[in-house]
Amino acid sequence: MERRHQVFSVDLLERYATKGRGAITCMATGNDVIVLGTSKGWVIRHDFGVGDSYDIDLSVGRPGEQSVHKVFVDPGGSHCIATVIGSSGTDTYYTHAKWTKPRILSKLKGLVVNAVAWNRQHITEASTREIIMGTDNGQLCEMAVDVKDKMEKYVKLLFELKELPEAFTGLQMETANVHNGTRFYVMAVTPTRLYSFTGIGSLEAVFASYVDRTVHFMELPGEIPNSELHFFIKQRRAVHFAWLSGAGIYHGDLKFGVQHSSPNGDENFVENKALLDYSKFSEGVEGVKPSSLAVSEFHFLLLIGNKVKVVNRISEQIVEELYFDQTPDAVSRGIFGLCSDASAGLFYAYDQNSIFQVSVNDEGRDMWKVYLDLKEYAAALANCRDALQRDQVYLVQAEAAFAAKEFLRAASFYAKINYVLSFEEISLKFISISEQDALRTFLLRKLDNLSKDEKCQITMISTWATELYLDKINRLLLEDDSALDSNNTEYQSLIKEFRAFLSDCKDVLDEATTMKLLESYGRVDELVFFASLKEQYEIVLLHYIQQGEAKKALQVLQKPNVSTELQYKFAPDLIMLDAYETVESWMTTKSLNPRKLIPAMMRYSSEPHAKNETHEVIKYLEYCVHRLQNEDPGVHNLLLSLYAKKEDENALLRFLECKFGKGQPGGPEFFYDPKYALRLCLKEKRMRACVHIYSMMSMHEEAVALALQVDPELAMAEADKVEDDEDLRKKLWLMIAKHVIEQEKGTKRENIRKAIAFLKETDGLLKIEDILPFFPDFALIDDFKEAICSSLEDYNEQIEKLKQEMNDATCGADNIRNDISALAQRYTVIDRDEECGVCRRKILNVGGDYRMTRGYMAVGPMAPFYVFPCGHAFHAQCLIAHVTRCTNQAQAEYILDLQKQLTLLGAEPKNVSNGGLSEEPLVSVTPMHKIRSQLDDAVASDCPFCGDLMIQEISLPFILPEEAEESESWEIKPHNYPSQRSLSLAV
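Residues numbered from 1 in each chain as written. Predicted model: local features only at pLDDT ≥ 70, side-chain atom pairs only at ≥ 80, totals over all residues. Heavy atoms only, no water.

- Looking at an unreviewed UniProt entry, one finds the chain named Vacuolar sorting protein 18, with Nicotiana tabacum as its source organism.

## Concerning the sheet that holds strand β14 (residues 170–178)
- Strand order in the open sheet formed by four strands is β14-β15-β16-β17, with antiparallel pairing between adjacent strands. Each edge of the sheet is formed by a strand with only one pairing partner; in this case those strands are β14 and β17 (216–219). On average, adjacent strands in this sheet sit at an angle of 15° to one another, irrespective of strand direction.
- Pairing analysis gives four bridges linking strand β16 (residues 193–200) to β17, with the strands arranged antiparallel. Across the sheet, the residue bridging to Arg-193 is Glu-219, located in β17. (Pairing = 2+ DSSP bridges. Helix = DSSP H or I, 4+ residues; strand = E, 2+ residues; numbered from the N terminus. Axes fitted to C-alpha atoms, helices over the stretch in contact; angles between N-to-C directions.)

## Observations regarding the packing of aromatic side chains
- Per the stated rule, a full pass over the model turns up 27 aromatic pairs.
- A centroid spacing of 5.0 Å and a plane angle of 75° characterise the contact between Tyr-185 and Phe-269, whose relative ring orientation is edge-to-face. You can see Tyr-185 sitting in strand β15 (residues 181–189) and its partner Phe-269 sitting in the loop between β20 (248–254) and β21 (270–277), a full 84 residues away along the chain. Neither residue differs from the other here; Tyr-185 and Phe-269 are each classed as buried.
- Through successive ring pairs, a cluster of aromatic residues spans Phe-159, Phe-168, Tyr-195, Phe-197, Phe-207, Tyr-210 and Phe-217.
- The positively charged end of Lys-429 is found above the aromatic ring belonging to Phe-402, 5.1 Å away from the centroid.
- Positioned over the ring face of Phe-529 is Arg-499, at 5.1 Å from the centre of the ring. (Phe/Tyr/Trp six-rings, centres within 6.5 Å; stacked < 30°, edge-to-face > 60°. Buried < 20%, exposed > 50% of the residue type's maximum accessible area, 1.4 Å probe, protein only. Lys NZ or Arg CZ within 6 Å of the ring centre and 35° of its normal.)

## Remarks on the pattern of salt bridges
- For the structure shown, the criterion picks out 35 salt bridges.
- The shortest N-O distance in the salt bridge between Glu-204 and Lys-156 comes to 3.3 Å. Taken together, the positions of Glu-204 in helix α1 (residues 203–208) and Lys-156 in strand β13 (residues 151–160) put the pair 48 residues apart, joining distant regions of the chain.
- Given the relative accessible area of 30%, Lys-156 is considered partly exposed.
- Across the salt bridge formed by Glu-835 and Arg-840, the nearest N and O atoms sit 3.3 Å from each other. (Salt bridge = Lys/Arg side-chain N within 4 Å of Asp/Glu carboxyl O.)

## Here we look at the environment of Arg-475
- You can see Arg-475 is positioned in helix α9 (residues 455–479).
- The class for Arg-475 is partly exposed, based on a relative accessible area of 27%.
- Here Arg-475 is in contact with Gln-436 and Asp-437, once residues within four sequence places are set aside. (Contact = heavy atoms within 4.5 Å.)

## Quick look at the nonpolar core
- Core analysis: the largest hydrophobic core is formed by 59 residues, its most contacted members being Tyr-414, Phe-430, Phe-442, Phe-498, Phe-501 and Leu-574.
- With eight residues, the top contributor of residues to this core is α9.
- With residues near it in sequence (within four places) discarded, Phe-442 still touches Ala-411, Tyr-414, Ala-415, Phe-423, Ile-426, Ser-427 and Phe-430.
- Counting residues in each nonpolar core, the second largest holds 56 residues, with Val-583, Val-617, Val-635 and Leu-708 among its members. (Core = buried A, V, L, I, M, F, W, Y, C linked by side-chain atoms within 4.5 Å.)

## Things to note about the pairing of strand β7 (residues 79–86)
- Most of β7 is tucked away, with six of its eight residues classed as buried.
- Where strand β6 (residues 66–73) lies against β7, seven bridges are found, and the strand directions are antiparallel. Along β7, the bridge assignment pairs Gln-66 with Gly-86.
- Counting the residues that bridge the hairpin from β6 to β7 gives five residues, and of these Gly-77 lies at a positive phi of roughly 80°.
- Direction of pairing for β7 relative to strand β8 (residues 89–96): antiparallel, over a ladder of eight bridges. Bridging across to β8, Thr-83 finds its partner in Thr-92.
- The hairpin formed by β7 and β8 contains two residues between the paired strands.

## With respect to the side chain of Lys-309
- Mapped onto the fold, Lys-309 is located in strand β24 (residues 307–312).
- Despite its burial, Lys-309 pairs with no opposite charge; the closest candidate is Glu-321, at 4.3 Å N-O.
- When near neighbours in sequence (up to four residues on either side) are disregarded, Lys-309 contacts Phe-281, Phe-300, Leu-301, Leu-302, Ile-304, Ile-318, Glu-320 and Glu-321. (Lys, Arg positive; Asp, Glu negative; His and termini not counted.)

## Side note on the sheet that holds strand β4 (residues 42–47)
- Across the sheet, four strands lie side by side as β2-β3-β4-β5; this open sheet has antiparallel pairing. Strands at the two margins of the open sheet, each flanked by one partner only, are β2 (24–30) and β5 (52–57). Geometrically, the sheet is characterised by an average inter-axis angle of 15° between neighbouring strands, direction not taken into account.
- Relative to strand β3 (residues 33–38), β2 runs antiparallel, the two sharing six bridges. Across the sheet, the residue bridging to Ala-28 is Val-35, located in β3.

## With respect to the environment of Asp-57
- Among the secondary structure elements, Asp-57 is positioned in strand β5.
- Non-local contacts of Asp-57, meaning those with residues more than four positions away in its chain, are made with Lys-40, Gly-41 and Trp-42.
- Here Ser-59 takes part through its side chain, which lies 2.6 Å from a polar atom of the side chain of Asp-57. (Polar contact = N/O pair within 3.5 Å; in protein donor to acceptor, adjacent residues only side chain to side chain.)

## A look at a negative patch on the surface
- There is a patch of like negative charges on the surface, built from Glu-962, Glu-963, Glu-965, Glu-966, Glu-968 and Glu-971.
- Inspection of the secondary structure assignment puts Glu-966 in helix α33 (residues 964–969).
- Residue classification places Glu-966 among the exposed positions, given a relative accessible area of 54%. (Patch = residues over 30% accessible without salt bridge, like charges linked within 9 Å, V, L, I, M, F, W, Y side chains within 5 Å. Areas by Shrake-Rupley, 256 points an atom, 1.4 Å probe, with all protein chains shown as cover. Charge placed at Lys NZ, Arg CZ, Asp CG, Glu CD.)

## So, helix α22 (residues 687–696)
- Counting buried positions over the 10 residues of α22 gives seven, a clear majority of the element.
- Here α22 has its buried residues at Ala-689, Cys-690, Val-691, His-692, Ile-693, Tyr-694 and Ser-695.
- Phi for Ser-698, located one or two positions after α22, is positive at around 60°.

## Remarks on helix α14 (residues 550–557)
- Along α14, the positions that sit buried rather than exposed are Ala-550, Ala-553, Leu-554, Val-556 and Leu-557. Seen along its axis, α14 keeps its buried residues to an arc of 155°; they face one direction.
- Looking at the buried residues of α14, the elements they touch are α13 (537–546), α15 (564–577) and α16 (579–588). (Arc of directions from axis to C-beta.)

Right, dumping it as structure tokens:
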């Protein structure tokens with residue numbers, strides 16, 4: 001791959017950054033903030049985030065020359081600690097980003113602070129929380145500063161080197177939350193050793209625990225005056241470290257929170273440790289030791305002289321060299337040091353007067369190649385950026401496995417390649433060496449990696465894999481005759497794998513092609529299995545039936561997605577194979593139509609069966625008829641025919657007596673064909689059943705005639721069934737009597753006694769005279785004397801009853817005549833002040849407003865009127881008008897039509913009294929009388945105030961539709977006046 005632009009680049013950030021405050025002696029960065037210490041005791045702060053900078057003079061009040069030894073800035077850029085060394089001693093200062101004046105940390109007076117570890121997880125802008133400081137005399141101290149107090153809260157001595165007193169030159173701290181508190185991880189370095197401390201609780205408690213246990217440290221040969229310790233921070237968590245030691249760069253990964261027990265009892269949180277020897281990147285025989293170090297994600301930046309060598313942390317090779325644009329006066333002194341800003345992801349270098357920025361541009365872009373060269377394939381894949389890079393990793397893995405003759409493993413890697421090698425090239429590799437198993441593995445893995453849209457490729461590869469499976473199975477069978485044994489695990493596992501493949505690929509395999517392949521290789525079981533997967537159940541069922549495996553076939557039919565048509569198609573074969581299981585399956589399948597199963601049931605019924613054997617078809621038909629309430633005539637007819645063929649007639653009679661349609665209103669009582677049933681029963685000589693069918697068809701004479709051949713008692717029961725036709729019933733009993741008399745074989749007197757006893761059973765329907773013709777002419781009357789006398793007495797009683805009924809009818813007629821005569825003389829008394837119920841005028845007064853109504857005769861000067869038994873009286877004209885108005889339209893038109901007819905007749909009827917009652921004989925009815933009678937019935941059938949008319953008026957509205965306009969005229973509507981004034985009245 002061509003080399004692109006460099007990963008690391010150097011830019012001059014600021015020339016003469018100290019603004020004449022002396023030369024740069026030290027530098028620290030954090031969150032786009034750079035703090036410089038100068039040789040004249042000044043601290044210069046540059047905040048590139050807000051574009052601000054200011055200077056603080058730490059030499060104020062201190063005699064002699066002062067120089068800033070070290071400056072430290074927290075990751076957030078808010079807190080700063082600086083140590084000043086001068087002729088008057090050593091002092092440490094604290095300053096905040098918002099302060100303009102520093103605060104001296106008096107408790108640290110005289111101590112040279114070389115390193116500071118910040119609590120990155122808990123530090124805030126207002127408080128530093130726990131800080132660990134490493135001093136020049138081998139002490140570790142804890143301190144905390146709250147901004148509001150403007151001084152240190154405390155300074156505690158945590159640890160002191162006594163065995164080998166050395167200055168601490170580097171210090172880092174990390175914390176992790178665990179279930180029982182906070183765990184601290186502390187690493188500290190001296191020129192020769194790397195110390196590690198860890199524990200749960202406060203820092204003081206953690207270091208106090210090392211009084212009773214050994215301090216864990218790593219000692220390396222050689223000595224370096226500028227020993228440094230750096231953590232690489234990713235997402236606010238340290239992931240690996242590097243120690244610039246005398247022997248080389250000691251580095252490794254950090255795993256916080258994971259319990260690893262070290263031999264000395266400490267928790268070892270360092271993994272993948274390694275030592276990078278300086279000789280690997282030095283041109284001379286002896287390695288040149290760097291003067292400073294910075295750590296990125298994948299590289300070490302080593303300051304050697306006036307340049308920075310970038311060394312890949314994984315491959316330990318120099319990948320780049322960085323040079324700086326220094327001023328001529330600074331070249332001789334070189335670059336002083338490197339520092340990093342974890343928050344901004346930048347690195348910085350500085351000399352005596354300039355600051356340089358080292359930028360990182362996608363440093364992980366080629367890491368996949370680095371890991372690939374080291375054969376760390378998992379890491380290489382994790383660092384790949386695109387499919388082409390991944391292909392190259394897979395290709396190297398595949399070729400390595402292929403060269404080692406691990407063909408199955410190689411096939412898995414080849415299957416993941418999409419671009420650098422074609423599918424055909426890879427396939428030919430395996431074909432050329434006759435590795436069918438590896439080729440099959442390659443195809444299967446390739447299927448897993450193809451997308452669902454590549455349907456054509458998936459189908460072709462699946463088909464090829466199917467053929468390879470079949471070929472492998474055949475080769476096993478040819479190579480080993482015992483392959484079919486259940487103990488042959490290779491064959492059985494291959495069959496299992498092949499079936500699993502068919503299950504997975506059933507939707508992508510071409511159905512016809514796959515079945516043809518399976519058939520050509522003679523794999524019947526797999527063919528049936530695949531047909532079942534593709535829901536080709538007809539093939540599956542045919543196979544099971546041919547093998548005589550009815551239960552398996554029925555299990556297939558019980559699947560929810562199997563068509564019921566297959567049930568009907570294979571029912572004849574299945575019921576002949578296993579009638580019990582087949583019928584049980586039918587009974588559990590609710591969607592079956594029993595009518596379509598009739599051919600299968602008839603085939604089964606045509607076969608001979610043992611007497612004690614349960615007839616499965618009868619069982620199923622009974623289930624359909626009684627449980628499912630099936631109404632199909634064909635089903636009922638078949639069940640009836642099977643009952644008829646049984647020797648025991650009771651089941652047939654019970655079936656005939658059942659009224660299957662009785663639950664349906666208006667439905668039939670039975671669903672079988674009675675004519676077919678009659679023919680069948682006659683053919684099978686089931687006489688009692690025939691009698692029942694005749695009776696059911698209302699052919700009672702035939703029923704009785706046939707019953708007399710079987711059992712006279714049955715004939716009597718049939719005769720009693722006729723209830724609505726007395727003549728027919730008598731005829732049937734005469735038939736029975738004739739048969740009984742003719743069949744008697746005893747003496748004549750005994751025959752007569754039996755005949756007389758038979759008459760009593762008819763409940764009086766037959767008399768002695770009805771059965772006398774059935775006796776011979778020479779029979780003596782003495783034998784019938786008692787019966788004849790009884791019959792004559794009965795006739796006598798009937799004659800007397802008829803006479804009484806005639807007398808009652810005559811009396812009733814006389815009463816009716818008397819009532820008619822009394823009607824002609826009926827009258828009522830009216831008070832002279834009686835008022836008309838409608839017009840409220842007096843009934844008996846004559847008014848000029850009244851006209852004589854046609855068809856009515858007034859008594860003297862009075863108008864015709866009606867008087868009702870309730871006491872209400874109405875003028876005839878008022879009553880007609882009121883009834884016409886209140887009744888419905890049809891009745892009103894009828895009344896008006898009758899009035900019109902009376903008017904047309906013109907003549908006034910004679911002898912009409914008040915109330916419309918005629919004094920003429922009832923038999924003389926003229927047309928006028930007839931019409932007036934009809935009018936009376938229409939208007940005066942009952943009182944309009946007390947009768948039905950008044951009840952009907954309850955449903956009428958108070959305001960009729962024709963009165964709506966008048967009703968609206970009475971509504972009070974509000975008026976809008978232009979202005980209104982309210983007057984207040986003084987009281």
